[in-house]
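Listed below are the residues making up each chain.
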Amino acid sequence: NNNPGMVFKGSSIQNTYSTIYTDNSNYLFIRPGFHSTNYPYYTYIKMGSGGDGLTDTGHFKIVNQAGTSLMDVQPNGNVGIGTVAPLSKLGVLGNLSVGATYGAFAAPTSGMIIEGNVGIGTVAPLSKLGVLGNLSVGATYGAFAAPTSGMIIEGNVGIGTVAPLSKLGVLG
């Protein structure tokens, strides 16, 4: 029905478009379609106060039909996409595409593609990569501090060439 109502533990409210119900574990479920075995659920929202000893007490989740969490907002504000245990404000298990049109492209496995400028230490990068501070590049140099406002590079550097044969290869 379209009338507002209360959903009590173990009860439900249904209309043509969705079902709101609770089970016996203190969770509120919002699902598309009727709550019936004739209408399988695909994705649903699960919110709960817990009380049943589950690890997702107080979480807000979007879950698929198999019960796999697609997105999990934890009580501390951390958000997980593809993970139920994000340790940062945003944790993504998989790849990530960012930008006005890049969202339509698949990023490399466990990688990221970014459309536009990226700033590290700056909120207004004027280049594809703007770094305010120092920069360390290399398989082992990344673990060392570069000089103030300077850069250290492990390996050969090419200017105008993609195959430098020495520490600094300049073509042109």
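Because the structure is predicted, anything quoted here is derived from the model rather than measured.

Even after reading the chapter, I still don't get the overall build of the protein, so can you show me in this structure?
In terms of helices and strands, the protein carries zero helices and 16 strands. Per-residue burial over the protein gives 18% buried out of 172 residues. In the protein, once contacts between residues fewer than 6 apart in sequence are set aside, the share between residues at least 24 apart is 4%. When the accessible surface of the protein is split by element, carbon and sulfur atoms take 61% of a total near 11,600 Å².

I would appreciate a short explanation of the pairing of strand S6 (residues 69-73) in the present structure.
Working note: regular strand, side chains alternate between the two faces of the sheet. Relative to S6, strand S5 (residues 60-64) runs antiparallel, the two sharing four bridges. Across the sheet, residue Lys-61 finds its bridge partner in S6, namely Asp-72. As consecutive antiparallel partners, S5 and S6 are separated by four residues, and within that stretch Gly-67 has a phi angle of approximately 90°, a positive value. Pairing analysis gives three bridges linking S6 to strand S7 (residues 79-81), with the strands arranged antiparallel. For Asp-72, the partnering residue across the bridge sits in S7 and is Gly-80. Where S6 folds back on S7, the antiparallel hairpin that results is connected by five residues, among which Gly-77 adopts a positive phi of roughly 95°.

Which parts of the structure should I look at to understand the pattern of salt bridges?
Once the charged atoms of two side chains with opposite charge are near each other, the side chains can pair. Scanning all chains against the criterion turns up one salt bridge. Asp-72 is the partner of Lys-61 in a salt bridge, and the nearest nitrogen-oxygen pair spans 3.7 Å. You can see Lys-61 sitting in strand S5 and its partner Asp-72 sitting in strand S6, a full 11 residues away along the chain. The exposure class assigned to Lys-61 is buried, which follows from its relative accessible area of 11%.

Any chance you could explain the side chain of Gln-74 here in plain terms?
Structurally, Gln-74 can be placed in the loop between S6 and S7. Residues contacting Gln-74, with those up to four places away along its chain left out, are His-59, Val-84, Ala-85 and Pro-86.

Where do I start with the confidence of the model for the protein in this structure?
The predicted coordinates ought not to be read in detail in places where the model reports low pLDDT. Confidence in the prediction for the protein averages 78 pLDDT; 67% of positions are at 70 or higher. Low pLDDT (under 50) marks residues 1-11, which in the prediction has 23 contacts with non-local residues, meaning those over four places away or in another chain.

What is the right way to read unusual backbone geometry from this model?
Keep in mind that most residues, glycine aside, have a negative phi and that most peptide bonds are trans. One non-glycine residue with positive phi stands out, namely Ser-110, at about 55°. Within the secondary structure, Ser-110 sits in the loop between strand S9 (96-98) and strand S10 (112-114). According to the relative accessible area criterion, Ser-110 is exposed, its value standing at 64%. The phi dihedral of Ser-149 is positive, around 55°, even though this residue is not glycine.

In this structure, what is going on with the packing of aromatic side chains? I would like to understand it.
One pair of aromatic rings is described through two measures. These are the centre distance and the angle between the planes. In this structure the tally under the stated criterion is two aromatic pairs. For the pair Tyr-102 and Phe-105, a centre-to-centre distance of 6.2 Å together with 80° between the ring planes defines the contact as edge-to-face. Note on Tyr-102: relative accessible area 29%, which makes it partly exposed. For Phe-105, a relative accessible area of 51% corresponds to the exposed category.

Thresholds, definitions, all that
- Residues numbered from 1 in each chain as written.
- Predicted model: local features only at pLDDT ≥ 70, side-chain atom pairs only at ≥ 80, totals over all residues.
- Heavy atoms only, no water.
- Helix = DSSP H or I, 4+ residues; strand = E, 2+ residues; numbered from the N terminus.
- Buried < 20%, exposed > 50% of the residue type's maximum accessible area, 1.4 Å probe, protein only.
- Contact = heavy atoms within 4.5 Å.
- Areas by Shrake-Rupley, 256 points an atom, 1.4 Å probe, with all protein chains shown as cover.
- Pairing = 2+ DSSP bridges.
- Salt bridge = Lys/Arg side-chain N within 4 Å of Asp/Glu carboxyl O.
- pLDDT = per-residue confidence, 0-100.
- Phe/Tyr/Trp six-rings, centres within 6.5 Å; stacked < 30°, edge-to-face > 60°.

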